[in-house]
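Residues per chain are reported as follows:
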Amino acid sequence: AVWTMSFKDRAALPNTPPLAAYLLYLMTIKQSNLCLSADVTSTAELLALATEVGDSICLLKTHADIIDDFGDRTVRALREIARQKNFLVFEDRKFGDIGSTVQKQYTAGPLAIAKWAEITNAHLFPGPAIVPALKSAAASAIAAYNTTVHTEISVGPPASPSPPSPSPPSSSPPAGPVGRKQSTVSISTTISTRTEPISPQPTPGLAGEPADVLARLGATPYLRALLLLAEMSSEGHMLTPEYREACVKTAREHRDFVIGFVAQRALNAEPADNFITFTPGVSLPPPGQEGVRGDGLGQQYETPRDAVLGRGCDVVIVGRGILRAEDRAKEAERYRREAWRAYEERVGA
Ligand code: BMP
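Rules used in this analysis
- Residues numbered from 1 in each chain as written.
- Predicted model: local features only at pLDDT ≥ 70, side-chain atom pairs only at ≥ 80, totals over all residues.
- Heavy atoms only, no water.
- Salt bridge = Lys/Arg side-chain N within 4 Å of Asp/Glu carboxyl O.
- Helix = DSSP H or I, 4+ residues; strand = E, 2+ residues; numbered from the N terminus.
- Buried < 20%, exposed > 50% of the residue type's maximum accessible area, 1.4 Å probe, protein only.
- UniProt positions renumbered as here; feature names shortened; annotations may be inferred.
- Contact = heavy atoms within 4.5 Å.
- Near = heavy atom within 4 Å.
- Polar contact = N/O pair within 3.5 Å; in protein donor to acceptor, adjacent residues only side chain to side chain.
- Areas by Shrake-Rupley, 256 points an atom, 1.4 Å probe, with all protein chains shown as cover.
- Nonpolar A, V, L, I, M, F, W, Y, C, P; charged D, E, K, R; others polar.

### Description of the pattern of salt bridges
Across all of its chains, the model carries 24 salt bridges by this definition. In this structure, the salt-bridge partner of E52 is R328, at a minimum N-O distance of 2.9 Å. Highlighted residues: E52 in helix 3 (residues 43-53) and R328 in helix 12 (residues 328-347), separated in sequence by 276 residues. A salt bridge links R346 to D314; the nearest nitrogen and oxygen atoms lie 2.8 Å apart. Of the two residues, R346 is situated in helix 12 and D314 in the loop between helix 10 (304-311) and strand 8 (315-318); the sequence distance between them amounts to 32 residues. In terms of burial, R346 and D314 fall into one category: buried. Among the charged side chains, a network of salt bridges with common partners joins R252, R255, E270 and D273.

See the structure below:
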């Protein structure tokens, strides 16, 4: 049923978890269902890319483990760009181990993903316990974060005179060490304004009432969510239809944490389903190369239109299609427009 519903209406459904609602509103306001796959290998490249393309995307996907000099500086700067340009961050970690191990991988080590990425993803092949394991690790990270902030506020120096940030405070939740530098931190945990009307804006950008809605939606400073990999884009992947169904079943049991799937088609079959479908393997072939639909290493491509209009996908994930363009900002805009037009056509806007 949500296939033809607008993102805005889906955000306002009563059981939409806060981060899903936040993303759906953000997509509506920025008129973007484009996720950039920032597959670059240095902090400098990552930040340059995020700055160039940030206005056109709702989400930036990282592979932190391919960044040579990934560290605190990477996280701080990326969070700042995400705050300024209003996008969420998705670490494409593809967790796939026993619960106890993934908890540590999620919250500790050099990547400490839970501290800086709102969204991450997991495979279900280790069994369904991977989901509650990550969920409770996220909750612990939130608790630790709040405790840290309280401690620092009570023992730290007087708050700096800088005014509180006017934009949605927790879309870009000041995470871990980043947050501690900020002078004001909201730790409210109630989300009560999801059903407020929101007027789409003609151009991407956040101003006025929708931004207020987002700000209130984001009043919890440390929202975290998980996607399950229900299908892959690569040729001969082994995620069978039965496996896909198992992913959907598990997701339904954790609707507060699993906000959607990485998949090649929408998997919303029950009336209560409002999962967001994130789809990689998307490109717009350059003129003259329409026949090229892969990368020679198993990747298979389809167009944004095939994905969004043909298969009900919501967010298209694009890497090399944008990364290899001469003008990446311009190319990202072209993808944004294509994907958004397909969405509008799907919902009859
Ligand atoms: P590209 O658009 O350059 O082919 O990049 C696709 C990105 O999406 C890569 O980061 C890859 O790891 C990821 N991805 C994918 O291609 N297919 C999947 O099924 C799942 C993915 O995460």
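From this point, the discussion proceeds with the structure in view.
### Side note on the UniProt feature "active site" (unreviewed entry) in the chain
This chain's UniProt record puts "active site" (unreviewed entry) on D92, K94 and D97. Since its relative accessible area comes to 8%, D92 is described here as buried. Residues contacting D92, with those up to four places away along its chain left out, are K61, T62, H63 and N121. Setting aside anything within four residues of it in sequence, one finds K94 in contact with H63, N121, A122, H123, L229 and M232.

### As for the site of the ligand
Looking at the ligand, there are 14 residues lining it, with D39, K94, S233, Y301 and R320 nearest. The separation between an oxygen atom of the ligand and a polar side-chain atom of K61 is 2.8 Å. Out of a free accessible area of 470 Å², the ligand has 90% covered by protein chains. The residue inventory of the shell around the ligand, partitioned by class, reads four nonpolar, five polar and five charged.

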